[in-house]
Amino acid sequence: MKPVTWKLLIILAVLAWAVFQAWPRPGRPFLNMRLGLDLKGGSHLVMRVLTDDAVKAECDLAATRIATKLRKEGFTRVRASVGERVGEVIVTGIPADRLAEAKARLEDEWSTWAISIEGDRIVLQMPQSEIATIRDRAVRQALNTIRNRIDEFGVAEPNIQRLGGKEGDRILVQLPGVEDPARVKKILQTQARLELRLAYYAPDGSGPFRGLTKEDVIAQLGGEVPPGVEILPYEEIDKKTGERKIREWMAVEKSAIITGSDLQDARPNRGQWGDVVVSFELRVSAAERFARFTRENIGHIMPIVLDGKIRSAPVIRAEISTNGQIEGSFTYEEAEDLALVLRAGALPARVVTIEERTVGPSLGWDSIQAGIRAAALGFILVLVFMVIYYKGAGINAVVALVMNLLLVAAAMASLGATLTLPGIGGFILTVGMAVDANVLIFERIREELRAGRTVRGALDQGFGKALSAIIDANITTLIAALFLFQYGTGPVRGFAVTLSIGILASMFTAIFVSRTIFDLVIGDRPVQRLSI
Amino acid sequence: MRIIRETNIDFMGKRYLWLSISAVLIVLSFVAIAQKGIRKGVEFAGGAEVIVRYVQPPDLEVIRKKLKDAGFTGIAVTTFGETEGKEISIRVALERKGESDGGSGAAETGKDLAQRIVEALRPPEVTRKVADGLLDLNIADEVTIARRLQDDAGLDEVAASDVAAAITAWRKEHQGVFESMEQVRQVPGVTEEAWAWLSEHAFLGPFALRGQEFIEASVSKEMRDKAYGAILGALGGMLIYIWIRFQFQYGLAAILALVHDTIITLGAFAFAGMEANLPVVAAFLTLVGYSVNDTIVVFDRIRENIAQKGEGKLTELINLSINQNLSRTLITSLTTWFVVAALLFLGGPVIRPFAFVLFIGIIVGTYSSIYIASPLLVAWRNLFRAKGKKAAARA
């Protein structure tokens, strides 16, 4: 076979591949490309995990263990609490003459921590490497939980990923077709740390301790909160105004009997009096523990604590094993959402939204319409210009351009790249730039023809000499696209991808495809004139 | 057909004139930037933006007053796109709240911001209707419509979601708003049964919510920094590439031309009062890539001519190279300019600032690759020749 036949076969093969890739599929009518949220409509959220929370929780545990240990060692009045700085535990209540001894005791078990005596206190600092590990774990857990919650909520083709690698504390959530981001954000941001705890009863059996203010409760406790106990607000929602307000404060044991991870299932339900409740079911492993606990504590109050606030405070009337419910004046939607987050698991730290972009379906639709109209007009203008200006060779360029567009669409479809509104801009800009390579070659050919070369000689020289300019010029554009890709998120990335693919495709079409077309048209005939 | 015959224009002869013109343009650009400032979109300024489509063109003053009464700050209300004033963009500042207040903080502020704006804008009679349980068909989303049809109108689940889907699909293709209940009745897919309920229990509010954006201050600062970083990085990348492929002075000349293009385009951008958003940064980076592209093609020719004819008369060689490339430069600029113009005039309001940057940038970039980059090459050569002579004189 002649070389030109081979070339033709290669082009046809590429063409077949491109048509196959870009053929519209169900749900992807636009040249089989995935549409970005700015065209399809949907929500783009960036959430930050407040990883300090997780470090603090870890320090809280350490503080409890430290206090317990020192008390066992005979430091009866010792207290340990989380300090101001991240990863800090402060121990107080040690007699001045025994500080060094206490420090030595702690050094055995907390050998990796930096322990120092500052005045009458011992300060323990968690090592940075451990803090980093805790943060990383918190973000990974949050990512997992968010994924679960989105799955439960039911969004088609969500994109959920962590930003910024191992150090990153941000999570990107892209939800196509979500019109009401307020509800989704609420679902994603609820920490959903559910705990069933026991109200605090003093050793003499008195209690519970509850009052209208925190200070009131502390006073009832004799001016000091016993170790392992905290005072939590009991929140209620005013049925008329829908506002949350604190009904009272109550002293509650810090340790939980049952946590969210013990739940088998949670569902919204109608309670005894027709009010909305969330009923839950425990795993078998937890059920036994719970049964024993409730049997031993009949008559006591068992507050249900959600994210550090008491949601209801039922009295244990009988042994309970697997089923329970959370009351507390919900709307049905709120109960549905709470059940969802309980099923999907708790977040290890609070999560806040720092960036949100929601494009309604109608705005996206308008953008597509406008983008396509502009692209079509621009494309037609270029084609008409090329044919008028370069006649026969112009038709060649048109073929190359159409193929270029098809290749861009096919490459984007097969890479799973997303077409965004700036991406449509990139698409159409590609047309303007792809034609550049053709123009460079054609002008060079004209020049060589003027210089008196034969048609074939002018073609060879034109393609040969234009090559270095084409490559240099395109590589600089690729450099710009690379920085663009680094910089951008979402829509801008889409633009960078489209532009890069367009440039690469244009080198193929302008150099290889156009040349082959010339060769095919001219063939072996001795041609005197070239339509250019 | 040919627009440009073989030319022999003396581009280099008047180079001081062109360099002066550019200097004046750059000064004017700085004045425009300093005077008018570059308007920043939400991405770069931080805050919240809501795009609302009204059935009838609203009075912007009234909207501003309502928002102010509702306690919003940093309010900016403008019309958006060619929509006869029906579509407006509402910008408000985010309220400052620490992250310490129990997980609400910034998140809480953004969470129901759009809803709060909607509530603030609603006329009292609409608020009353909503409170009475009537359904606003210009605001309600698909899920809500389906639920109401199922729970209150007694449609079965499939029928309810079909009707809701039909209603939202119609809105999607009609800028999000119904103008009359008759239009609702005409929507294909709205059944007699559904209409019976809707005509009694639904109404049309004066506007629809088209989109919303919310950017925390820390994020917008980061985006600004990254935008500058990306543009500077791209310029640096170009310098290095051209340096490697050509010589240092070529790279430097090309970069100075690029900086020139960027400043003048930015000046025009500020002068036109366009608003910078993320795609605008993309446009500037593209401009950098495009403009250098033009310059390189000329440099490539200069290099080729030097290889053939020696470096003797650089000024004449450059003139020759520019003349040889002139038609190509103009034609590619023209074709790219066509498509950008199409985007500018037809592409819609979101893409307009993007297209504007390229629309101006292509003109400036084409001009600079002819009149700026190449004279700078000569200037560089002269500088070193002068130094060389001085050094020789001293010795």
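Scoring rules and cut-offs
Residue positions within a chain follow its written sequence, with the count starting from 1. Working convention: letters from A go to chains and numbers from 1 go to ligands, in the order in which they are written. Where totals are concerned, whole chains, interfaces and linings use all residues; where local detail is concerned, this predicted model gives features only for residues with pLDDT of at least 70, and gives and counts side-chain atom pairs only at 80 or more. For two strands to pair, DSSP has to find at least two bridges joining them. Secondary structure elements follow DSSP: runs of H or I no shorter than four residues count as helices, runs of E no shorter than two count as strands, and numbering proceeds from the N terminus. To define axes, lines are fitted to C-alpha atoms, for helices over the stretch in contact only, and angles between the resulting N-to-C directions are given on a 0 to 180 degree scale. Note that the domain bounds reflect an automated or database-derived domain assignment. Once C-beta atoms are placed from the backbone, any two residues with those atoms within 7 Å are in contact. Here the nonpolar group is Ala, Val, Leu, Ile, Met, Phe, Trp, Tyr, Cys and Pro; Asp, Glu, Lys and Arg are the charged ones; every other residue, Gly included, is treated as polar. Neighbour density around each residue's C-beta defines its exposure: 20 or more other C-beta atoms within 10 Å make it buried, 12 or fewer make it exposed, and counts between make it partly exposed, where C-beta atoms are placed from the backbone. To form a nonpolar core, buried Ala, Val, Leu, Ile, Met, Phe, Trp, Tyr and Cys residues must be joined through C-beta atoms within 7 Å. A helix is expected to span 1.5 Å for every residue after the first.

Enquirer: How should the sheet that holds strand β4 (residues 88-92) of chain A be read in this particular structure?
Expert: Note on sheets: strands pair through backbone hydrogen bonds, and any given pair is parallel or antiparallel. Residue and element names in this part refer to chain A. Pairing is antiparallel in the open sheet, where 4 strands are placed in the order β3-β4-β6-β5. Since the sheet does not close on itself, it has two edges, and those belong to β3 (79-82) and β5 (114-118), each with one partner. Adjacent strand axes in the sheet meet at a mean angle of 20°, parallel and antiparallel pairs treated alike. Bridge count between β3 and β4: 4 bridges; the pairing is antiparallel.

Enquirer: Can you help me understand the domain arrangement of chain A in this one?
Expert: Interfaces are frequently sized by the accessible area removed from exposure as the parts join. Residues and elements named next belong to chain A. Taken domain by domain, chain A comprises domain 1 (3-38 + 362-522), domain 2 (52-128) and domain 3 (190-349). Distance between the C-alpha centres of domain 2 and domain 3: 30 Å. Facing 5 residues of domain 2, the contacting portion of domain 3 comprises 4 residues. Of the residues forming the side of domain 2 that touches domain 3, the biggest block, 4 residues, is contributed by helix α3 (residues 52-72). Counted by class, the side of domain 2 that touches domain 3 contains 2 nonpolar, 1 polar and 2 charged residues.

Enquirer: Would you mind going over the sheet that holds strand β19 (residues 351-359) of chain A with me for this structure?
Expert: Taken in spatial order, the 8 strands line up as β7(A)-β8(A)-β2(A)-β19(A)-β7(B)-β2(B)-β4(B)-β3(B) in an open sheet, and their pairing is antiparallel. Looking along the sheet, the strands with just one partner apiece sit at the ends: β7 (159-163) of chain A together with β3 (76-79) of chain B. Taking each pair of neighbouring strands and ignoring which way they run, the sheet shows an average axis angle of 20°. For strand β2 (residues 47-54) of chain B and strand β7 (residues 207-215) of chain B, the ladder comprises 8 bridges, and the chain directions are antiparallel. When the sheet's bridge partners are listed, Gly47(B) is paired in β7(B) with Ile215(B).

Enquirer: When you look at the domain arrangement of chain B in this model, what are you seeing that I'm missing?
Expert: Once the domains are mapped, chain B shows domain 1 (15-42 + 217-394) and domain 2 (47-214). Centre-to-centre separation of domain 1 of chain B and domain 2 of chain B, based on C-alpha positions: 45 Å.

Enquirer: What should I look at first to understand the environment of Lys86(B) in this one?
Expert: Residues and elements named next belong to chain B. Along the chain, the position of Lys-86 falls in the loop between β3 and β4 (87-92). The exposure class assigned to Lys-86 is partly exposed, which follows from the 18 C-beta atoms found within 10 Å. Put simply, Lys-86 and Phe-178 are 92 residues apart on the chain and 13 Å apart in space, counted from C-alpha to C-alpha. When residues no more than four places from it in sequence are discounted, the contact partners of Lys-86 are Arg-53, Tyr-54 and Pro-57.

Enquirer: Would you mind showing me how to read the interface of chain A and chain B here?
Expert: If you look at the interface, chain A gives 68 residues, while chain B gives 70 residues. Secondary-structure elements contributing two or more residues to the side of chain A that touches chain B are α6 (181-189), β19, α10 (361-415), α11 (421-450), α12 (455-487) and α13 (490-522) of chain A. Per-element accounting of the side of chain A that touches chain B gives the leading share, 17 residues, to α10(A). Here the side of chain A that touches chain B is composed, by residue class, of 38 nonpolar, 16 polar and 14 charged. Here β19(A) runs beside β7(B); their pairing, made up of 5 bridges, is antiparallel. Looking at the pairing, Glu356(A) lines up with Phe214(B) of β7(B).

Enquirer: Could you clarify how one ought to interpret the nonpolar core in this entry?
Expert: Most often, soluble globular proteins have nonpolar side chains that are buried together. Core analysis: the largest hydrophobic core is formed by 185 residues, its most contacted members being Leu484(A), Leu285(B) and Val288(B). Filtering out sequence-adjacent residues up to four positions away, Val288(B) remains in contact with Ala480(A), Ile231(B), Ala234(B), Leu235(B), Met238(B), Leu258(B) and Thr262(B).

Enquirer: Would you explain the pairing of β4(B) in this entry?
Expert: Along any regular strand, the residues point their side chains to alternate faces of the sheet. Residue and element names in this part refer to chain B. When you tally the buried positions in β4, you get 5 out of 6 residues, the bulk of the element. In the sheet, β2 pairs with β4 via 6 bridges, with the strands oriented antiparallel. Within the sheet, the bridge partner assigned to Arg-53 lies in β4 and is Glu-87. Of the pairings in the sheet, the one linking β3 to β4 comprises 4 bridges and is antiparallel in character. Opposite Ala-76, over in β4, you have Arg-91 as the bridge partner.

Enquirer: Which parts of the structure should I look at to understand helix α13 (residues 278-309) of chain B?
Expert: Counting along an α-helix, one turn takes 3.6 residues, and residues three or four places apart therefore face a common direction. Residue and element names in this part refer to chain B. Here α13 contains 32 residues, and its C-alpha end-to-end distance of 47 Å stays within 8% of the 46 Å for a straight helix at 1.5 Å per residue. With 26 of its 32 residues buried, α13 lies for the most part within the structure. In the stretch just after α13, Gly-310 is the one whose phi turns positive, near 80°.

Enquirer: Looking at this structure, I do not really get the pairing of β19(A). What am I missing?
Expert: Residues and elements named next belong to chain A. The element β19 is extensively covered by neighbouring structure, given that 9 of its 9 residues are classed as buried. Relative to β19, strand β2 (residues 42-49) runs antiparallel, the two being bridged by 8 bridges. From the neighbouring strand, Ser-43 faces β19, where its bridge partner is Thr-358.

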